Amino acid sequence: MNRYTHYAPDGITDCDAALLNTAVAGDLSNQACVLALARGKSSLIRVGGGENFDKLYRAVLAANQALDEYKYHVVGGNAGTVSPMGWTFQGGHAGAKAGRLYGMGVDQVLQVEMVLPNGHHVKFGPTEWEDASADGFVVPRTTVVSGVCRSNPDEEDEEKWIWEACPEDFDVDFYDLWFAVRGGGGGTWGVVTSVSLQLHPYLPYKNFGFALVEECSPLAPKYEEFRAKYLMTPSILNVTKERSIACGTSDSSFHCYGDEDVLGAWERFLELNNIPLEASPCLGRRNPDAKSFGDMMIMGQDSRFPGKVPDFPPPTPLPDSILGFVLVPQSWIDESEENFDFYLQNGANPYYSHGVATASFSDQANSLSQSQRDAAAMAYLSFAPLEEQQANFWSNVFPNLYDISDKTKFPPVFNANHAGPLLTGPLKEDWTKACPYELTLEERKEKCISSQEAIYGTELLNRLEAIKMAVDPNFMFNCHNCIANNLDLAKASHSEDDESVPPTTIDEPSKASNETSGASAVSFYAAVISATVLSLFGATSYF
């Protein structure tokens, strides 16, 4: 994939303000800009399917440095070696890149270009929308998604590509595809060749960290309490909501954009807890020369590979765990001090990428679970192989976090990004009983809630599985723990005895009609891309 076209270095577009409220062109050539302007933004960047965050951040940095002052901000992930594609399509948590201000990764996508399992090279995105501010949303509600197909798939010169109406027998619903791709995971819907991502106005960046020195170590637990309160319950520290969501974190520090109140709140916290103000230097500004998190990442060069960032975190063995990042509801945190205290005592490796924007920046046409939107944070609340801890989570914690009164609808509990390969829900017959650790994979499939259902919830998963059957009925793309990967149909589709499985229909109405448009037969281009991706990602999932 890295050998495919790199668009980011020259991919920034400043949209012509005259396009606001104009019609979207039939070939979607202006669609991304028209949508960006409707969302109150004026710039975007196109990123190739094989580019990683290192390349994306370097492109934005170069564009900013070419100006008299920084102009652009892109929401993204923590690791330069991670692809914006997998990160985005699993949800995209941007604790260090202003996700609490501007929404999740899926909320940044304006247009998608991809090769589908049917061989068609398509691009698609919203073409009609409506104001949703009365319902508390910052961006318009998507009502119609349209797509076009490339009618000259053998043409290598992109300037000569022709995008036009898809053929009459093209039966993929672009609204459903838009919904599924953004949140339903990478590696299962087709091969993404590029995306157009929203750029936001630049805001001054500040990084604050706790001093890892002996005199500050006794305050480390209090610092964790302060961090949780600043980001989840800021009014306790007399911090405004706006100054709270300006900051986030995916590690142990604060990453803030624009107006914040971190050091002032820290001093107030110390006073409230009768801790001498001499301790205030334990929290301070770090990396003052970095103008963004991306800049700071690029500063960390790897001597082995000049000009490239190191892996962060470095490759490590996956924990032997069948629990993942639990989505902690903001409503549960707000219920009582006891809940907040329980979270402090039991939450490990907290990731603060949620906030007001993670709900309000949704276009309401994506497959990110409502649990993701409404979370205060995500954290490990229990670990395997200690079965007593597993049992405690499902029997005592889970029923308090989520409503499980309807036994036909398992709620979305886990985060998709960073989900381990052994992730699973509780026993199907009793949701307050952990899936026994000693079970084989086949036994877990039979007796336990699947990882997909524990991430998406029953209702959302049912819809995604229906879309999967429509988009990829023969399971050309069948990656571990991806949508429908656990179904018998997926296994049968790759069995030696039956190399082709007839298309299967699951009744599921589309959320909206779309204007499909048209092009050509299976291209050599599409076949090569599909074969390449299957060989690379056939047995893996984006985490």
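Please refer to the structure higher up on the page.
So, here is what we can say about the structure in this document. Quantities reported herein were computed from a predicted structural model and do not represent experimental measurements.

Right, let's get into the pairing of strand E11 (residues 254–257). Moving residue by residue along a regular strand, the side chains alternate between the two faces of the sheet. Of the two faces of E11, both are covered, the one formed by Phe254 and Cys256 as well as the one formed by His255 and Tyr257. Inspection of the sheet shows strand E9 (residues 205–210) paired to E11 by four bridges, in the antiparallel sense. Across the sheet, the residue bridging to Asn207 is His255, located in E11. Where strand E10 (residues 247–248) and E11 come together, two bridges link them in antiparallel fashion. Following the sheet pairing, Gly248 is matched in E11 by His255. Count of turn residues in the E10/E11 antiparallel hairpin: five residues.

Attention now goes to the pattern of salt bridges. Going through the model one piece at a time under the given rule, you end up with 17 salt bridges. Its salt-bridge partner being Arg58, residue Asp54 comes within 2.6 Å of it at the nearest N-O pair. With Asp54 and Arg58 both in helix H2 (residues 53–65), this residue pair falls four residues apart, about one helical turn. On the basis of relative accessibility, which here comes to 25%, the residue Arg58 falls in the partly exposed class. Notably, a salt bridge pairs Arg141 with Glu130, separated by 2.8 Å at the nearest N-O pair. A residue pair is termed long-range when its members are at least 10 positions apart, and Arg141 in strand E6 (residues 141–150) and Glu130 in strand E5 (residues 121–130) qualify at eleven residues. Beyond isolated ion pairs, a larger network of salt bridges with shared partners links Arg46, Glu113 and Glu158.

Each value, and the rule that gives it
Residues numbered from 1 in each chain as written. Predicted model: local features only at pLDDT ≥ 70, side-chain atom pairs only at ≥ 80, totals over all residues. Heavy atoms only, no water. Buried < 20%, exposed > 50% of the residue type's maximum accessible area, 1.4 Å probe, protein only. Helix = DSSP H or I, 4+ residues; strand = E, 2+ residues; numbered from the N terminus. Pairing = 2+ DSSP bridges. Salt bridge = Lys/Arg side-chain N within 4 Å of Asp/Glu carboxyl O.

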